[in-house]
Amino acid sequence: MTLDAMEAGGGGDLFAANLKGSLLAVASSAFIGVSFIVKKKGLRRAGAAGARAGAGGYGYLLEPLWWVGMVTMLVGEIANFIAYMFAPAVLVTPLGALSIIVSAVLAHFTLNEKLHRVGVLGCGLCIVGSTMIILHAPQERTPSSVEQIWNLATQPSFLCYAAIAVGVSLFLMLYCAPRYGQTNIIVYVAICSVVGSLTVMSIKAVGIAIKLTIEGINQAGYFQTWVFAVVSTTCIVIQLVYLNKVHFLSHQLHEKEACFTSIFHKAALDTFNTAVVSPIYYAMFTTLTILASAIMFKDWSGQRASNIASEICGFLTVLAGTVVLHSTREPDQTVSADLYAPLPPKIYWHIQGNGDIGKQREDDSLACEFITVVRQDYFV
């Protein structure tokens, strides 16, 4: 067999691996997108029977539909994990935006959340950008042992990136988060994005080790496998902690806003401004993951400049579609089932109607128990 024939055969194998990875990534996005809708329907059912999750209720844990959504999401995450075994992160990570399309389209038909024409344009941009990424993605050769991955992870260029990432993360967690975390949600988003890039690299290493072990090349005896496993576990825990902080802080900001409007306009499930947070998190996380993968696995080594430019344009197109899609989605205006629940023992009413402005004592605090009724029409 000639050298050209061997290279052609190797190229075919790499293309097949990329195809498997891209299909798994698309399937993962589909499952995760469906899980958002199923879980939301489960939350609505639970909220109709008691206190909703946003108000501190835990009735959703007894709702089978919510658990179906959780299982669906778990299947999607497993598919995403397997996708990293076959394809480079440059290909797999940006395709995560497709879950937004799935959830937006399903929400339009099942949750009566309108998908406007501009939102359809956002879906189209995500699809076009994802297609560009798939067509121009680099063909990554899978390492034959975890020792090879270790050599890639300990090369000076990636060690420099990892040191900068760890340093920035520690600075954000120890200095910025205590001072600005409660007022600037970007601090927590940045922590999740920087740590997330290291998470993907370590998970990819663990995935390749598992794949090689299944193929008969046992990697459990190498200490590097366990180092990657510990790093990935640590990074995942950090991400979960600060993602929960993002949700909690956003919920707080939303509740403060709701205190100064009307209890009748409280959204049932829209606990944070996804139109702002989600695109920023997607952009930061995907950019840093692509950069880390390009440094560690040399994804763009040997690629033509036109292919690299096409991949970058594809990513920017997906990002634009994500921003457009999120900015056009409407908040859920479903009235909460706990709207007619008993009122707290101390509650102040500030009624503004017919031009008369009510007064309050200076020592009264504007807590969430203070309800402003902006228009007298609400009592008609």
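Because the structure is predicted, anything quoted here is derived from the model rather than measured.

Check the secondary structure of the chain and you find eleven helices and three strands. Taken from N to C terminus, the helices and strands of the chain fall in the order α-α-α-α-α-α-α-α-α-α-α-β-β-β. For the chain, with 380 residues in total, the buried portion stands at 44%. For the chain, restricting intrachain contacts to residue pairs at least 6 apart in sequence, the fraction spanning at least 24 positions comes to 81%. Carbon and sulfur atoms form 67% of the exposed surface of the chain, whose accessible area is close to 20100 Å².

Right, let's talk about the packing of aromatic side chains for a bit. Within this structure, the stated rule accounts for eight aromatic pairs. Judged by centre distance (5.6 Å) and plane angle (65°), the ring pair of Trp150 and Phe223 falls under edge-to-face. Here Phe223 lies in helix α9 (residues 223–259) and Trp150 lies in helix α6 (residues 146–153), a separation of 73 residues in the sequence. According to the relative accessible area criterion, Trp150 is partly exposed, its value standing at 24%. Through a chain of ring-to-ring contacts, three or more aromatic side chains come together here, namely Trp150, Phe223 and Phe228. Its guanidinium or amino end placed over the ring of Phe297, Lys204 lies 5.5 Å from that ring's centre, counting from NZ or CZ.

What follows covers the pattern of salt bridges. Tallied over the full model, the rule gives one salt bridge. Put simply, Arg45 and Glu63 hold a salt bridge, and the shortest N to O gap is 3.7 Å. Taken together, the residues span a long stretch of sequence, with Arg45 in helix α1 (residues 3–49) and Glu63 in the loop between α1 and α2 (64–86) at a distance of 18 residues. On the basis of relative accessible area, Arg45 is assigned to the exposed category, the value being 51%. Since its relative accessible area comes to 13%, Glu63 is described here as buried.

Looking now at the environment of Lys298. Relative to the assigned elements, Lys298 resides in the loop between α10 (274–296) and α11 (305–328). Residue classification places Lys298 among the partly exposed residues on the basis of a relative accessible area of 37%. Taking the C-alpha atoms as reference points, Lys298 and Pro88, separated by 210 residues in sequence, lie 9.8 Å from one another. Only 3.1 Å separates the side chain of Lys298 from the backbone oxygen of Ile295, close enough to count as a polar contact.

About the thresholds
- Residues numbered from 1 in each chain as written.
- Predicted model: local features only at pLDDT ≥ 70, side-chain atom pairs only at ≥ 80, totals over all residues.
- Heavy atoms only, no water.
- Helix = DSSP H or I, 4+ residues; strand = E, 2+ residues; numbered from the N terminus.
- Buried < 20%, exposed > 50% of the residue type's maximum accessible area, 1.4 Å probe, protein only.
- Contact = heavy atoms within 4.5 Å.
- Areas by Shrake-Rupley, 256 points an atom, 1.4 Å probe, with all protein chains shown as cover.
- Phe/Tyr/Trp six-rings, centres within 6.5 Å; stacked < 30°, edge-to-face > 60°.
- Lys NZ or Arg CZ within 6 Å of the ring centre and 35° of its normal.
- Salt bridge = Lys/Arg side-chain N within 4 Å of Asp/Glu carboxyl O.
- Polar contact = N/O pair within 3.5 Å; in protein donor to acceptor, adjacent residues only side chain to side chain.

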